[in-house]
Structures are given as structure tokens and as C-alpha cells.
Amino acid sequence: MTTDQDERLARLPAGTSSTCLRRVLHDRLMMTDGEEHRSVRRQVSWAFTAAQVRTYRDLVRASLAEAFDPIEWSGPVDVLRQIALPVPSRVILSILGFDEGDHDSLRLWTDEFYEWLASSPAPMTERTEHALDGTGRMYEYVERQVRGGRADSDDSLLSALIASEEAGALTTDQVVANLIGIVNAAHETTSSLMLNGTVALLRNPGVIEDLLQHPDLIPAAVDEMARYDAPAQIISRLVVEATVVGDVSCEPGTLLALVLASGNRDERAFADPDAFNIRREGPVNLSFGHGSHFCVGTALARLEAIEYFTMLLPRLRGARIVNEPIPWRPTPAFRTPDELVVQFA
């Protein structure tokens, strides 16, 4: 099975130019397969290996402290806007070598892109208009960074990819498309993991007490958060060879929606799958994918979530969600609150 950029572009309203979205989708890691995928992945994956990610720990802690320090903890805290949005943004922009002050614009453009990419109740014409505008602006922004950067200017991913471009290992389109893809994914997945995990803890206060007594379990708790309420609930694949999934025959050209959230609650793989159990044993969850398309940024997302909950945990005893019922983003593809306000004790 391969990815499905042509199927996604086919949803554009008649008469709409697909040039801008095609440029962003065509060369990005998640939309390529085979040798092209392996080639691009080799150029970007060094920045997200477990060893390299460990070098970002101080950056992550500093970004969290920058978000935590000005918060008035005695009043309601908007966890989404005060922590879960700015922290992953600052971290990834620093790793990329972009100006951290641009995170608001990049987040807006990312939201507009994902509103089109995933299912949404908004009309397709409106979603497309926003996506074309946001994607066009992001492409121009990233292209300026590439054109204005130097291969030897610093140790950022931007400089490394410029060096790959100059060496002929990547085209300019591949560099720009994958920088955009990394910005998109880093914003979405990590902030959702933080928010969904916070909700899970506040709805399971016994787990908070367990973690306060056993903080060494925080990494396992983050893995359980990802399983229990996956940030990306659905991914899609296009069948290239006839195959059978369960008792369903899938012919070449069939677009499949793979529901990661369902796999993570499969009772054949996970005992008592609907329980939030940070001491769970069993297989690795599917929240970051599997195989050649396993999420390249998994180690970074885990590090940010681990450091976030390490810092937040002492404040969680007696905290409560203020805005119940929580408004969730109206798309089945991504699971994340549209707002999360918490009153800390």
C-alpha cells in the first residue's frame, strides 16, 4: 500500500488549481514511497534520532519554563494556548533554525492546511480557500528561509537540508516540502499528546497519585496516553497490490482508512483496552504509525511530553477541568481539544 496524494487532491472543487497544494504534498515524506521515501528520510531523520533528541532536553525544558513562569496558577489556566501550542512550536522552530517569533503565523497556516487535509464540517470550498491561502503563505515563508540560509551557518536542520540541496541529494522542492511537513506534524501531534494526556490524568486522579509516588513511570504514562487517546486517529493508504484485510478483499486503487485509535483499543492485543493503565504491558501502540512510515519525530514528541508532565505533575493534585464538556476538534482524523481550561488547586 502507498500514500494517497492524488486522492486528496481530487477532493478540490472543480476549477480549483492544485499547484500550491501539490507542491507541498508531492515531495513530503509522508506522501512518498520506495527509494524516494528512503532517500528523503535519510536526509531528515538524523535530527530526530534518539541520541540527537537527547541533546534537545535543555531546549525543551527552557521552552516549558518560558511558558510556565508567567502563568497565574491561582486562576484558570488555558492549557492549550498558554502551554500546548507555544512550547512544541518554539522547540521545532529552534531545531529547524527558524525565528521562534513566527510561531503564531506558522500555527495558523498549519491549522488551515489540516482543516482541508482531514475531514471537517466546514464546506469544502471554504476549507480549500483557507488551505490555499495558508499553504501558499507557508511555502513562501519556508522558501525564503531556504534561499536566505547557508549550509554552514549553524547546526540546524535547515542548514543541513540546504547542504543536501547543494550536494544534489535533495531538490529545492523536496527541502521546502519537508520543512513544511515537519512544522505541520510537530505542531499537531505533540500539542495533542500533551492535551489528551492532561485530560486523561485529570479524569483518573488515582493515576496522578501513582505518578507522584513513582515519577519514573512518567515515560510509560506518556506511551499509555498515546495509546489511550491517539492524537492522529486515522491514516490512509492506497492499495497497490490485491490483498485481504480481515475478511475484506482490497483491490489495487482502493483507498483505505486505517483507524489507529481502533487498533490501540483492540482487545486481542491489549488487556482491558478501554482502561487508562500506565502499568500496562503488551505491544507498542500504533499512534505513531508502523513500518517505513513510522513517524520520524516520535522521540521528540515523547521527550516534550515527558518533560511537560514532569513539570506539570506536582500541580495536578486537586486540579479540575473548568470547561466541561470539553469541545473537541470537529474532525475524526485528529483527536484534540479545541479548548482546555484547568483550575489548579
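Computed from a predicted model, the values in this text were never measured in an experiment.

Thresholds, definitions, all that
- Each chain carries its own residue numbering, running from 1 in the written order of its sequence.
- Predicted model: local features are reported for residues with pLDDT of at least 70 only, side-chain atom pairs are reported and counted for 80 or more only, and whole-chain, interface and lining totals are derived from all residues.
- Hydrogens are left out, water is left out, and the side-chain values use all remaining heavy atoms of the structure.
- Nonpolar cores were defined as sets of buried Ala, Val, Leu, Ile, Met, Phe, Trp, Tyr and Cys residues, with membership established by side-chain atoms within 4.5 Å.
- Residue exposure (1.4 Å probe, protein chains only): buried if accessible area is under 20% of the type maximum, exposed if over 50%, otherwise partly exposed.
- Starting at the N terminus, helices and strands are each numbered in turn, a helix being any DSSP run of H or I of at least four residues and a strand any DSSP run of E of at least two.
- When the centres of two rings from Phe, Tyr and Trp lie within 6.5 Å, Trp using its six-membered ring, the rings pair. Their planes under 30 degrees apart give stacked, over 60 give edge-to-face, and anything left gives tilted.
- We count a charge as sitting over a ring when the NZ of a lysine or the CZ of an arginine lies within 6 Å of the ring centre and within 35 degrees of the ring normal.
- Here a polar contact is taken to be a pair of N or O atoms separated by no more than 3.5 Å, where protein atoms must pair a possible hydrogen donor with a possible acceptor and residues adjacent in sequence count only if both atoms sit in side chains.
- Any two residues having at least one pair of non-hydrogen atoms within 4.5 Å are treated as being in contact.
- The span expected for a helix works out to 1.5 Å for each residue beyond the first.
- Here the arc refers to the directions that run from the helix axis out to each C-beta atom.
- We place a 1 Å grid over just the protein atoms. Points where a 1.4 Å probe fits but has no way out form a cavity, open points with protein on both sides within 12 Å along at least 5 of 7 lines form a pocket, and any residue with an atom within 4 Å of a point lines it.
- Grid points are joined across faces, edges and corners, and a volume is the space filled by probe spheres set on the points.
- The residue classification treats Ala, Val, Leu, Ile, Met, Phe, Trp, Tyr, Cys and Pro as nonpolar and Asp, Glu, Lys and Arg as charged. All others, Gly included, are polar.

Attention now goes to the nonpolar core. In this structure, Phe 98, Trp 116, Val 142, Leu 179, Leu 201, Leu 211 and Tyr 308 are the most contacted members of the largest nonpolar core, which totals 92 residues. Per-element accounting of this core gives the leading share, 14 residues, to helix 11 (residues 172-202).

Turning to the packing of aromatic side chains, a few remarks are in order. Taken as a whole, this structure holds 7 aromatic pairs when the rule is applied. Between Phe 113 and Trp 116, the aromatic rings sit 6.3 Å apart at their centres with planes inclined by 45°, giving tilted as the arrangement. Here Trp 116 and Phe 113 lie together in helix 8 (residues 103-117), a separation of 3 residues that amounts to about one turn. In this pair, the class of Phe 113 matches that of Trp 116, namely buried. Grouping aromatic residues by their ring pairs yields a cluster made of Phe 68, Trp 73 and Phe 344. Between the NZ or CZ atom of Arg 23 and the centre of the ring of Tyr 139, over which it lies, the distance is 3.8 Å. Directly above the ring of Trp 73 sits Arg 315, whose terminal nitrogen or CZ lies 4.0 Å from the centroid.

With that settled, consider the environment of Val 175. Among the secondary structure elements, Val 175 is positioned in helix 11. For Val 175, a relative accessible area of 1% translates into the label buried. For Val 175 and Glu 143, which are 32 residues apart along the polypeptide, the C-alpha to C-alpha distance reads 8.8 Å.

Our focus in this paragraph is the side chain of Thr 190. Here Thr 190 lies in helix 11. A distance of 3.4 Å separates a polar side-chain atom of Thr 190 from the backbone oxygen of Ala 186. Excluding residues within four positions of it along the chain, Thr 190 makes contact with Pro 88, Ala 185, Ala 301 and Glu 304.

Compared with the 16 Å implied by 1.5 Å per residue over 12 residues, the 16 Å span of helix 5 (residues 57-68) between its first and last C-alpha is a close match. Of the positions making up helix 5, those classed as buried are Val 60, Ser 63, Leu 64, Ala 67 and Phe 68. Along the axis of helix 5, the buried positions cluster into a sector of 130°, meaning they face one direction only. In this fold, the buried residues of helix 5 make contact with helix 6 (79-84), helix 7 (86-96) and helix 15 (298-312).

What follows is about the layout of surface pockets. By volume, the second largest pocket amounts to about 290 Å³. If you go around the second largest pocket, you meet 18 residues; those closest to its centre are Asp 223, Glu 224, Pro 283, Val 284 and Asn 285. Mapped onto the lining of the second largest pocket, the elements with two or more residues apiece are helix 13 (218-228) and helix 15. With 5 residues, the single largest contributor to the lining of the second largest pocket is helix 13. Per-class residue counts for the lining of the second largest pocket are 8 nonpolar, 4 polar and 6 charged.

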